[in-house]
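Now for the letters of each chain:
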Amino acid sequence: MSKLLVKPSGDGGRIIDVTPAGAGWTYVGFALHRLKPGESVEGGEPDRETCLVLVTGRAAIRAADTDFGTLGRRMSPFDGKPVSVYAPAGARWTATAETEVELAVCTAPGTPGARSPRLIGEDDNGQEVRGKGSNVRHVTNILPETAEADALLVVEVVTPGGNTSSYPPHKHDRDDLPRESHLEETYYHRLNPPQGFAFQRVYTDAGKDGRRELDEAMAVEDGDVTLVPKGYHPCATIHGYDLYYLNVMAGPKRTWRFHNAPEHEWLLKA
């Protein structure tokens, strides 16, 4: 199995735990908790900010001294907009499930005291459609670069069955602004219906010897996480199965500037 593919461990509790040390990088952390009604989880780190995304279910959430009450409405990531909470670095947070819950915990380096906890409600999420034809996907911006944060960028994407996404292939692995930014990235994947599968390839440009430093092709199933430390990272879902993914990005500068694979850039003009 690819070292870039992370499978969920178990059915409940913290079933995904991607740390910078474990991933071999610097910025992005990602955890996924599955909670039964009445179960709680807490967290918060002195030097890392957090975005709590209710992928599914309803939960009471508190961050630092702010009680946000019971949040969430959708029972499927394919049904409506998410509700999220931003917790700045140093803020302790707790979430208690009212229904069965999938809670994503997205983290990146932050400055303690720089910001206050805040709710990111359904109406705060901007939505857009990207691509044409079989490259159409539906994007929900949870924590875009226009919203306040230290390092985190968080977005959801739903790709209809049979379509491609994160395509034409693009990358963001060089600190070369304004042309390209260096951002690590995770993809948390869900399929509808859940027995489906999708594919994701993560690869770098070929060197002078014709070889690629990184070239991994992965079959992605419901609940999997893929890691993108560098390189291009397109994905595609098969006919009949819609693909959801939650992206978390972070790097030395909080901006998303990407470089398209030159040999595929013609697709943008077709």
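This text goes with the structure placed above it.
Residues numbered from 1 in each chain as written. Predicted model: local features only at pLDDT ≥ 70, side-chain atom pairs only at ≥ 80, totals over all residues. Heavy atoms only, no water.

Draft legend 1. Quick look at the sheet that holds strand β24 (residues 242-250). Across the sheet, which stays open at both edges, the 7 strands sit in the order β1-β22-β19-β24-β14-β13-β12 with antiparallel pairing between neighbours. Both edges of this open sheet fall to β1 (5-6) and β12 (126-130), since each of them pairs with a single strand only. Strand direction decides the pairing type here: β1 and strand β22 (residues 225-228), joined by 2 bridges, are antiparallel. Bridging from a neighbouring strand, V6 pairs with V225 of β22. (Pairing = 2+ DSSP bridges. Helix = DSSP H or I, 4+ residues; strand = E, 2+ residues; numbered from the N terminus.)

Draft legend 2. Expanded view of the environment of T50. By secondary structure assignment, the location of T50 is in strand β5 (residues 48-56). In this structure the C-alpha to C-alpha distance between T50 and Y86, which are 36 residues apart in sequence, comes to 5.9 Å. Beyond its immediate sequence surroundings of up to four residues, T50 is in contact with V85, Y86, A87, W93, V105, C106, T107 and L152. (Contact = heavy atoms within 4.5 Å.)

Draft legend 3. Broad picture of the pattern of salt bridges. Enumeration according to the criterion identifies 25 salt bridges in this entry. For K171, the salt bridge identified is with D173, shortest N-O distance 2.8 Å. K171 sits in the buried class, given a relative accessible area of 7%. The exposure class assigned to D173 is partly exposed, which follows from its relative accessible area of 22%. K230 is the partner of E213 in a salt bridge, and the nearest nitrogen-oxygen pair spans 2.8 Å. Pair noted here: E213 is in the loop between β20 (197-203) and β21 (215-221) and K230 is in the loop between β22 and β23 (235-237), with a separation of 17 residues, a long-range link. Salt bridges sharing partners connect three or more residues here, namely K171, D173, R174, D176, R179 and E180. (Salt bridge = Lys/Arg side-chain N within 4 Å of Asp/Glu carboxyl O. Buried < 20%, exposed > 50% of the residue type's maximum accessible area, 1.4 Å probe, protein only.)

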